[in-house]
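What follows is each chain in one-letter form.
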Amino acid sequence: MKIALASDHGALELKAAVQKHLEDRGIEATDIGTFTEDSTDYPFWGQKCGQVVASGDHDLGIVLCGSGIGISIAANKVKGIRCALVTSEELAFLAKNHNNANIIALGGRTTEIEDAILYVDKWLDTEFDGGPRHVKRIGMLNNM
Ligand code: RB5
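To start, this report covers the structure provided alongside it. Everything numeric here is computed off the predicted structure, so don't read it as measured data.

Rules used throughout
Residues numbered from 1 in each chain as written. Predicted model: local features only at pLDDT ≥ 70, side-chain atom pairs only at ≥ 80, totals over all residues. Heavy atoms only, no water. Salt bridge = Lys/Arg side-chain N within 4 Å of Asp/Glu carboxyl O. Helix = DSSP H or I, 4+ residues; strand = E, 2+ residues; numbered from the N terminus. Buried < 20%, exposed > 50% of the residue type's maximum accessible area, 1.4 Å probe, protein only. Near = heavy atom within 4 Å. Polar contact = N/O pair within 3.5 Å; in protein donor to acceptor, adjacent residues only side chain to side chain. Areas by Shrake-Rupley, 256 points an atom, 1.4 Å probe, with all protein chains shown as cover. Nonpolar A, V, L, I, M, F, W, Y, C, P; charged D, E, K, R; others polar. Disulfide = S-S within 2.5 Å. Pairing = 2+ DSSP bridges. Axes fitted to C-alpha atoms, helices over the stretch in contact; angles between N-to-C directions. Contact = heavy atoms within 4.5 Å.

Points about the pattern of salt bridges
Throughout the structure, instances matching the rule amount to 4 salt bridges. A salt bridge links D121 to R25, with the shortest nitrogen-to-oxygen separation between them at 2.7 Å. Highlighted residues: D121 in helix α5 (residues 113–125) and R25 in the loop between α1 (12–24) and β2 (28–31), separated in sequence by 96 residues. Relative accessible area serves as the criterion here: at 19%, D121 is assigned to the buried category. Using a relative accessible area of 35% as the deciding quantity, one classes R25 as partly exposed. Salt bridges here are not isolated pairs; linked through shared partners, they connect R25, D121 and D125.

Encoded structure:
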């Protein structure tokens, strides 16, 4: 499995910790930027992550900014992307089980590293429900 990671300057530490955790799990985790603390625009990075997931180049993505809000909005602008801002284990579960989110967003200034890792693991280790009501609704999202 290949996971793309992207962030603005507001989440570099959390992104590095999540990348290390994924690699410790044996998952290929590619940081596609940003790479410095220079102020940068989260829409660019959210779109870039959305594009590499929507194209199939990466299976899943994790986007991060200070709050996780802006970059989640940006990722969701890319057709085929279902990005969920995750702030609890319950939301991490639902993001996969109900919405089959192919990207999750995390807040570098709002989420502790230990919590973020729990959320990432819950999302990765949860199966999509796959039932007709969820498949139908995801189809509606894809058609927007
Ligand atoms: C950048 O200062 C900050 O606005 C950004 O990281 C994010 O929180 C936006 O939603």
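Some remarks on the site of the ligand
Taken together, D8, H9, Y42, C65, G66, S67, G70 and R109 make up all the residues around the ligand. A distance of 3.0 Å is found between an oxygen atom of the ligand and a backbone nitrogen or oxygen belonging to S67. Between the ligand and the protein, one listed contact pairs an oxygen atom with a side-chain N or O atom of R109 at 3.3 Å. For the ligand, whose unbound accessible area comes to 290 Å², protein coverage reaches 69%. Broken down by class, the residue content of the shell around the ligand amounts to 2 nonpolar, 4 polar and 2 charged.

What about the state of the cysteines?
Taken as a whole and assessed by the stated rule, the structure comprises 0 disulfides. Here C49 stays unpaired: no disulfide links it, and the sulfur of C83, its closest cysteine neighbor, is 7.9 Å away. Taking the relative accessible area as the measure of exposure, C83 reaches 11% and is therefore buried.

A look at unusual backbone geometry
Following G33, the chain continues into T34 via a peptide bond in cis, with omega recorded as -5°. Its location among the elements puts T34 in the loop between β2 and α2 (42–54).

What about the sheet that holds strand β4 (residues 83–85)?
In spatial order, the strands read β2-β1-β3-β5-β4; together these 5 strands make up an open sheet with parallel pairing. In this open sheet, the two edge strands, each paired with only one partner strand, are β2 and β4. Looking at each pair of strands side by side, their axes are set apart by 25° on average, direction ignored. Two strands pair when backbone bridges link them, and strand β1 (residues 2–7) and strand β3 (residues 60–65) are joined in this way by 5 bridges, in the parallel orientation. Pairing of A4 across the sheet is with G61, part of β3. Contacts from α2 reach β1, β3 and β5 (103–107), with the element oriented near 175° to β3. Against the sheet, α5 makes contact with β1, β3 and β5, and its axis sits at roughly 170° relative to β5, the strand it touches most.

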